[in-house]
Amino acid sequence: MEEKKTAASPDPAEQVEELLAQARQTAAGRVSRREMDAILESVRSQDAPEPSGVKRVRQGKTAPDEQDLIPEPEPEEPIPANQNLLTGIPDLTDAAIGKRPVAVMVNNVDAALPQYGISAADLIFELPVEYDLTRLMAVYGDYTQVPDVCSVRSCRYYYPILAVGFDAVYVHWGINPTVAVDTINSMEIDHFDGDSYGSGKYFGRDKDRLSAGYALEHTGVFYGTKVPEMLEASNVRTDLKEDKMGTAFKFVEMDKNAAPSGKDAKNIRVDFGANYSTFSYDADKHVYMKNYQNKPHMDSKTNEQLQFENLIILETKITPYPTDSVLKCVDWEGGENAKGYYISEGKMVPITWSKAGMYDPLKFFDANGNELQLNRGKSYIAFTYAGNCKVEG
């Protein structure tokens, strides 16, 4: 009868070396060389310590001593409940958490200066209007903290399209009677027009400006301090839509603002045609100070110059509107080939940008096509003609 052979017992030393090889492969790049040497030495002595940041777990049906080294996940950064979704800064009042922002149209011609209420804005948009002048849209993340704003001006069709991307309540005084009326009537947007309310509870005229000789159209005031009352009285939704509950942009980690990897950007000029804005970098404050052309752009109530952590300059196609050549037709959609510049912390990098649809948010992308991370803070966003942004180091 043939003798049955039994399998030879595995060599314990070979088993150890096999496990060590597996540990090397699993832990590669996760622990330091010094920690790995300590692990190997202690395994050989059958008294292995647990390296920092690594715990031992059994995976599946394996031999009793076969273990993988798996790093403990880093704790997620806690997001403050009062984070302002427009800036990433935790400064919302309790009453504004989860609530909609407010966007206000602001006159921006020499005869209307200085404006007031604009230094409190979290975002300011600047785009060309008729005759290549510009108009601002100031956006406030905390609807309970909107100041009185002057001078308020009329709607052009592309501004509410930008506002609705943030689920903002849109405020203006007057409206272009053709394309802007058609656009806003076709949209799902809550808006308040000073022409409908007149001088009274929520809109009025600045008497000091009238006495000083300002033209009537440069004296319109929106009483922003009454926004909560206005929305409640008008039965307007205050809660953000579910798809707008996240931050408006992708921000860096809290307290981790840093300069983008790009060229020096200390002085910037953005041309729109008949008007232009300039900025100078204040390295001590880590902000860009805005000028109206070459003079400080001031808020007359707070006596503060406008300042921003982020400048975002978007190049786009701007042409006369087909049915009214005085008006502007602005490409607000962008796309993978739409160029722009992100400027922060004294540096500038080229970007691309898009807005997929009327109700979608603006998105910015780096040179690799990844969504751009903005530094936390206030942002200035301009739409202008290609080649109209000049940056000096």
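In case you missed it, the structure is sitting above this.
Computed from a predicted structure; not experimentally measured.

Enquirer: So what exactly am I meant to see when it comes to the packing of aromatic side chains here?
Expert: Any two aromatic rings considered together are summarised by their centre-to-centre distance and by the angle between their planes. This structure, assessed with the given rule, holds 16 aromatic pairs. Geometrically, the ring pair formed by Trp173 and Phe203 is edge-to-face, given 5.5 Å between the ring centres and 75° between the ring planes. With Trp173 in the loop between strand E7 (169-172) and helix H4 (179-186) and Phe203 in strand E9 (residues 203-205), this residue pair connects regions lying 30 residues apart in the sequence. Judged by its relative accessible area of 10%, Trp173 is buried. Pairwise contacts between aromatic rings join Trp173, Phe192, Tyr197, Tyr202, Phe203 and Phe222 into one cluster.

Enquirer: Could you clarify how one ought to interpret the nonpolar core in this entry?
Expert: Note on soluble globular proteins: their nonpolar side chains tend to be buried together. Counting 47 residues, the largest nonpolar core has Phe125, Met137, Tyr170, Phe249, Leu314, Phe364 and Phe383 as its most contacted members. It is helix H3 (residues 158-164) that provides the largest number of residues to this core, a total of 6 residues. Once residues lying within four places of it in the same chain are set aside, the contact partners of Leu314 are Lys339, Gly340, Ile351, Trp353, Leu362, Phe364, Ile381, Ala382, Phe383 and Thr384. Counting residues in each nonpolar core, the second largest holds 43 residues, with Val102, Tyr140, Phe279 and Val391 among its members.

Enquirer: Can you help me understand the pairing of strand E13 (residues 276-282) in this one?
Expert: Within a regular strand, side chains alternate between the sheet's two faces. With 5 of its 7 residues buried, E13 lies for the most part within the structure. If you look at the hairpin formed by strand E12 (residues 267-271) and E13, you'll find 4 residues sitting between the two strands, and Gly273 has a positive phi there, around 125°. Relative to strand E14 (residues 287-292), E13 is paired through 6 bridges, and the arrangement is antiparallel. Residue pairing in the sheet places Thr278 in a bridge with Asn291 of E14. If you look at the hairpin formed by E13 and E14, you'll find 4 residues sitting between the two strands, and His286 has a positive phi there, around 60°.

Definitions and cut-offs
- Residues numbered from 1 in each chain as written.
- Predicted model: local features only at pLDDT ≥ 70, side-chain atom pairs only at ≥ 80, totals over all residues.
- Heavy atoms only, no water.
- Phe/Tyr/Trp six-rings, centres within 6.5 Å; stacked < 30°, edge-to-face > 60°.
- Helix = DSSP H or I, 4+ residues; strand = E, 2+ residues; numbered from the N terminus.
- Buried < 20%, exposed > 50% of the residue type's maximum accessible area, 1.4 Å probe, protein only.
- Core = buried A, V, L, I, M, F, W, Y, C linked by side-chain atoms within 4.5 Å.
- Contact = heavy atoms within 4.5 Å.
- Pairing = 2+ DSSP bridges.

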